[in-house]
Amino acid sequence: MKSFYLTDAGKVRDHNEDSVIIVKNQKNEYLMAVADGMGGHSAGEIASSIAISYLGKHFNETFLNLNKVEAVNWIRDSVSEINTLIFQYEKEHPESKGMGTTLVLAILTKDYILFGNIGDSSGFVMKEERLHKVTYDHTLVNLLVSAGELTKEEAKDHPKKNVLMKALGANDPIEVDIFDCDMDISEILLCSDGLTNMLDKEQIERVLMGETDIEDTVIKLIRKANNRGGTDNISVAYLILEEEGER
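Reference entry: report on the structure contained in this document. Quick caveat, the model's predicted, so the values are computed rather than measured. (Residues numbered from 1 in each chain as written. Predicted model: local features only at pLDDT ≥ 70, side-chain atom pairs only at ≥ 80, totals over all residues. Heavy atoms only, no water.)

Below, the discussion takes up the packing of aromatic side chains. If you walk through the whole model with that rule in mind, you get three aromatic pairs. Geometrically, the ring pair formed by F59 and W74 is edge-to-face, given 5.9 Å between the ring centres and 80° between the ring planes. In this pair, F59 is assigned in helix α1 (residues 43-62) and W74 in helix α2 (residues 68-92), connecting sequence segments 15 residues apart. What makes F59 buried here is its relative accessible area of 0%. Note on F63 and W74: the rings are 5.3 Å apart at their centroids and 85° apart in plane angle, and the pair reads as edge-to-face. Taken as a pair, F63 in the loop between α1 and α2 and W74 in helix α2 lie far apart in primary sequence, eleven residues in all. Residue class for F63 comes out buried when judged on its relative accessible area of 0%. (Phe/Tyr/Trp six-rings, centres within 6.5 Å; stacked < 30°, edge-to-face > 60°. Helix = DSSP H or I, 4+ residues; strand = E, 2+ residues; numbered from the N terminus. Buried < 20%, exposed > 50% of the residue type's maximum accessible area, 1.4 Å probe, protein only.)

Shown next as structure tokens:
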């Protein structure tokens, strides 16, 4: 098992509102998470930090030998608590009004793989050398595509493609989408939309299929996104399930 994560401000934004983590607990179970914050006066940075800090600490302290049903409840309870913490911070700091964050996470144990998602940060898996998107973006254009009012091609360059329908700190109560993933995969990739707005799935797949080591692969993804404009913060969390030399 190999893992690496990195976040970058991009070429346009003057500060980074993303937060990212990969953590392994005492039982060699993994949590990966990416949060893309929003809001002025650095409030987005605070919202994403609240989410990631809580998840990392809570995972190490409470996630031990949970079965799949318990893990699903753990994700739901964690997301609800993060939402409460963000609203509480906003109440105590009026200047942060409007703060919020997306969240995508993955939990890997020897028995199951679960994804959780709110917003438009993405979760992917590699299976049989093909990259597959697991999560569903909670955006206005995705809703319009689902309703048949937009095609996928029209959605790509739609002026409102980044309008979120759901985010932590924006909806109360909040419902997280949870996906039960096939165990027969080789890699997990989580990222903020700073990557997926610059690179399509096929371009990401080609980088992942390269012969570079895991750190260089992540750096290359971020560099490519920046070379294509880097219009947003870019965060990547990447995990390879095979042992070294098996890739």
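Quick look at a nonpolar patch on the surface now. Judged by side-chain polarity, L143, V163 and M165 come together as a nonpolar surface patch covering roughly 250 Å² of accessible area. Mapping M165 onto the fold places it in the loop between α4 (152-156) and β9 (177-181). The partly exposed category is assigned to M165, whose relative accessible area is 42%. (Patch = residues over 30% accessible without salt bridge, like charges linked within 9 Å, V, L, I, M, F, W, Y side chains within 5 Å. Areas by Shrake-Rupley, 256 points an atom, 1.4 Å probe, with all protein chains shown as cover. Salt bridge = Lys/Arg side-chain N within 4 Å of Asp/Glu carboxyl O.)

What follows is about the side chain of D232. Along the chain, the position of D232 falls in the loop between α7 (214-227) and β11 (234-240). Polar side-chain contacts of D232 include one of 3.3 Å to the side chain of R13. In this view, D232 contacts A9, G10, R13, D36, D193 and G194; residues no more than four positions away in its chain are not counted. (Polar contact = N/O pair within 3.5 Å; in protein donor to acceptor, adjacent residues only side chain to side chain. Contact = heavy atoms within 4.5 Å.)

Counting buried positions along strand β10 (residues 187-191) gives five out of five residues, so the element sits mostly inside the fold. Here β10 shows a buried face lined by E187, L189 and C191 and a second buried face lined by I188 and L190. Alignment of strand β7 (residues 122-127) against β10, held across five bridges, turns out to be antiparallel. Looking across to β10, one finds that S122 is bridged to C191. Note that β10 and β11 share five bridges and pair antiparallel. Note on β11: the bridge partner recorded for C191 is V236. (Pairing = 2+ DSSP bridges.)

Moving on: the nonpolar core. Within the largest apolar cluster, 31 residues are counted, with the highest numbers of intra-cluster contacts made by L103 and I107. Among the elements of the structure, β2 (18-24), β3 (30-38), α1, α2, β5 (103-108) and β6 (113-118) are those that each provide at least two residues to this core. Residues within four places of I107 in sequence aside, it is in contact with Y30, L31, F59, F63, W74, I75, Y112, I113 and L114. Ranked by size, the runner-up nonpolar core spans 20 residues in total, among them L189, V207, L221 and A225. (Core = buried A, V, L, I, M, F, W, Y, C linked by side-chain atoms within 4.5 Å.)

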